[in-house]
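Descriptive analysis of the structure
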Amino acid sequence: MPLWGRPTVLIERVGQREMVTAACPVALGLGLAPGMAAAHARALVGDLDVQDADPAADCAWLDRLALHAVTHWTPTASVSGSDGIWLDMTGASHLFGGEPRFCRHVLRFLARLGFSGAIAIAGTPGAAHALARYGGAPITILPPSTEASALAGLSIAALRLQPDALAAAARFGLERVGDLYPMPRGPLARRLGLAAVERLDQALGRAAEPIVALIPFEAPEVTRRLLEPIGTAEAIAQVIADLVDDLVLVLQQRGLGVRSVVLTAVRVDGADRRIAIGASRTTRDAKHLVRMFGLKLDRIDPGLGIEAMHLTVPHSEPLGARLGDTLLPESGDAPDLAPAIDQLAGRAGEQAVFRLTLEQSDVPERAVRRAGPLAAASGWPAWKRPVRLLRRPEQLSHVVALLPDHPPRRFTWRGKPYAVTAGDGPERIHGEWWRTDRELWAVRDYFRVEVEGGQRFWVFRRGDGVVPETGDLSWYLHGFFG
Amino acid sequence: MSTEAAFAETDRARLLAELKARIAAPEASDARLLPFGIEALDSRLALGGIDGGGLHEIAAASPTLGDDAAATLFVAGIAARFADSPAASIAWALTRFDLYAPGLEQAGIPPSKLLYLEARDETMALALAEDCLRLGSFAAVVAEVKAADQTATRRLQLAAADGHTPMLLLRRWARAARDPNEKPSAACTRWRIGCAPSARLAYPGVSRGRWSVELVRQRGGNPFSLILEACDDTGRLALPAAARDRAAAPVAATSRAA
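Nothing here was measured: the structure is a model prediction, and the numbers come from that model.

On a plain count of helices and strands, chain B comes out with seven helices and 10 strands. Residues classed as buried in chain B amount to 53% of the 258 residues present. In the structure as shown, chain B presents an accessible area of about 11400 Å², 56% of it carried by carbon and sulfur atoms.

Quick look at the structure:
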């Protein structure tokens, strides 16, 4: 494939070793194979591109392929192991013009996505599984009831045996599937385990192996088509209320709640108008949803009129049934803030509603972090802190202070002189050397001072007054105590 | 006959006095009334405390940032005492964020009780505050704005009465020469908070802060002013103890501080 310029392998760490889990065609041609040690592969090929395997992403691709199969090819499909997909083609292949054409269609589809693949169609899932992986041909279509002869020549690993069963088979000299056919079942089960016998039966069609079909999740959606185009706010609000009532019924039946809802208004001239609302906590409260849409009603431009409205739920979560409030005794006086937060966020925007919580840092401006409105917030250590903080500290001039650890006696800030009547400190805060080199030795000495008139300031001096590397002894004002 | 007339006369006088008293008495909403717990302050408030269903305006006495911080802490203290139950929450609407949450925690509002609403402009901040009041999910609502006209304060007052939630409006100085208390407002009480020199300690250090608390206007009562000690970590104010050396020489104090 042109995709692979350099030989590429994917590696995965297994215990102390790094194993090759996949190799590109170029690398395969050079003699590298999955299962090799990564160091061995590197030694064999100098110009080797080694990348980490990402099994989670592989699984995600398989899931998407299986979903595609369910919606396009056959209703019964599921993921098989970590590298395959079952398709139950019973009664479905004629839709694609027969099995061979269907296989070619699927391979072309995979090639367009950049995958290579092998397909086997057989009477049993076990035989199809074995032939697709060990058959060697990209397309294998097995005539009915020839599984035994087709599988006889394959390696015994094609039967999906456990590793210990495989090891036992190697000890007994059983290499091919065909070697198992003449053996009596009792001794076979004792040697390789009952599971191996069952796998053999499944492959040969003596035992049933149903495919558990993947059920695709369909986002809840409700639609209302209108007899006459509507344009007034009241009519739109009425339709939204009706749609929300329909949606709540659907959600109740499926045990879901919404985190976000998108309303699409289809206008007469073909243009769509969309508004979306989000909920901070899963909900299916009709009144609450209608209220949140009401906040954004002015963003729908009806134009010449709206002829249909859809409500879709891109993000839903399971929400079980709840007990009615009347059955419960008064559970504290804590009002649920989630509806209030949704309404406030709907008016001012998602970012506008937040809490502040502790960030593990001694530097005052870094000790505070914004968190979501429903997040748990934790408090700060009880060192005296001002109630308002300047965005960035402002330098003081004409400072008179004794070194090294006395508060200033007088200073000038924003052109105004202040005489200090009382002071407290220092509280020494060291720079965070792990962030930047500039803070390696930096020190701030914070003082709480009261000036004539009673105002209280939080001032600091850079440097500890003894070691020059800690700072240049300049003074700054940082915050205000009441 | 004459006795009957005299009786009717006294009856009428009594009725009149009763009616006058009913008109004069400030109508308290049925929301919670929060006394300060300081006799000198509560006895001069018409209701004997802060009305939990009304609008209260607080402004700094001067455009300095120190007085502004004092006013902020005064508001935070009242809000903290309204939100004394463990699950209560406070909403704080503002436009320019310069609060420091650890300082608010030391005035009695832990971060788990405080929800910030950062609005684009002051109209939005007032609208958010009104939403919070009408929702009724908050124990107290604070908004800091520079400008709020009669209409805006009237709306807030009505929303506070409807939602049984105290509205604390922190009026910040827009310009140095423009006292926020000049404009009329529909607030129940209007306060002006400034810093005052605190008591000197016998050793180097800063003692508990003092504020000059001035009630500029209240419904059904007279204005007054007091010097009070700043709120502690549960938001409570205190009356300063009578100090012997109230007028300590600043020179001596400076030398002790340094």
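The next thing to look at is the nonpolar core. Nonpolar side chains tend toward joint burial in soluble globular proteins. Formed by 78 residues in total, the largest nonpolar core has its most connected members in F411(A), F457(A), F74(B), W92(B), Y116(B), W191(B) and W211(B). Element by element, the count of residues in this core is highest for helix α3 (residues 65-82) of chain B, at 11 residues. Setting aside its immediate chain neighbours within four residues, W92(B) contacts T72(B), V75(B), A76(B), L99(B), L104(B), I109(B), L114(B), L115(B), Y116(B), L117(B), V142(B) and E144(B). Core analysis: the second largest hydrophobic core is formed by 33 residues, I341(A), L344(A), A352(A) and V141(B) among them.

The interface is formed by 60 residues belonging to chain B together with 56 residues belonging to chain A. A combined buried area of about 4800 Å² lies between chain B and chain A, and 60% of that area is made up of carbon and sulfur atoms. The interface formed by chain B and chain A contains five salt bridges. The shortest N-O distance in the salt bridge between R347(A) and D131(B) comes to 2.5 Å. Our count for the chain B to chain A interface comes out at 21 residue pairs in polar contact (both at pLDDT 80 or more). Here the side of chain B that touches chain A takes eight residues from α3(B), the largest share from any one element.

Moving on to the environment of C24(A). In this fold, C24(A) is placed in the loop between β2 (17-23) and α1 (25-29). Along the primary structure C24(A) and P7(A) are separated by 17 residues, whereas in three dimensions their C-alpha atoms are 6.4 Å apart.

All right, on to unusual backbone geometry then. All names here are of chain A. The peptide bond linking L403 to P404 adopts the cis configuration, its omega dihedral lying at -5 degrees. Turning to its location among the elements, P404 is positioned in the loop between β15 (397-401) and β16 (408-413). Note the cis peptide between G425 and P426, where omega equals 5 degrees. Note that P426 resides in strand β17 (residues 416-430).

So, on to the sheet that holds strand β9 (residues 210-218) of chain B. The strand order β13(A)-β12(A)-β5(B)-β4(B)-β6(B)-β7(B)-β3(B)-β8(B)-β9(B)-β10(B) describes an open sheet built from 10 strands, whose pairing is mixed. Two strands lie at the open edges of the sheet, namely β13 (368-371) of chain A together with β10 (224-229) of chain B, each paired on one side alone. Across the sheet, the axes of successive neighbouring strands diverge by a mean angle of 25 degrees, strand direction being ignored. Strand contacts of helix α6 (residues 150-163) of chain B: β3 (55-60) and β7 (167-171) of chain B, with the helix running at about 130 degrees to β3(B), the strand carrying the most contacts.

Thresholds applied
Residues numbered from 1 in each chain as written. Chains lettered and ligands numbered in written order. Predicted model: local features only at pLDDT ≥ 70, side-chain atom pairs only at ≥ 80, totals over all residues. Heavy atoms only, no water. Helix = DSSP H or I, 4+ residues; strand = E, 2+ residues; numbered from the N terminus. Buried < 20%, exposed > 50% of the residue type's maximum accessible area, 1.4 Å probe, protein only. Areas by Shrake-Rupley, 256 points an atom, 1.4 Å probe, with all protein chains shown as cover. Core = buried A, V, L, I, M, F, W, Y, C linked by side-chain atoms within 4.5 Å. Contact = heavy atoms within 4.5 Å. Buried area = accessible area lost by both parts, 1.4 Å probe. Salt bridge = Lys/Arg side-chain N within 4 Å of Asp/Glu carboxyl O. Polar contact = N/O pair within 3.5 Å; in protein donor to acceptor, adjacent residues only side chain to side chain. Pairing = 2+ DSSP bridges. Axes fitted to C-alpha atoms, helices over the stretch in contact; angles between N-to-C directions.

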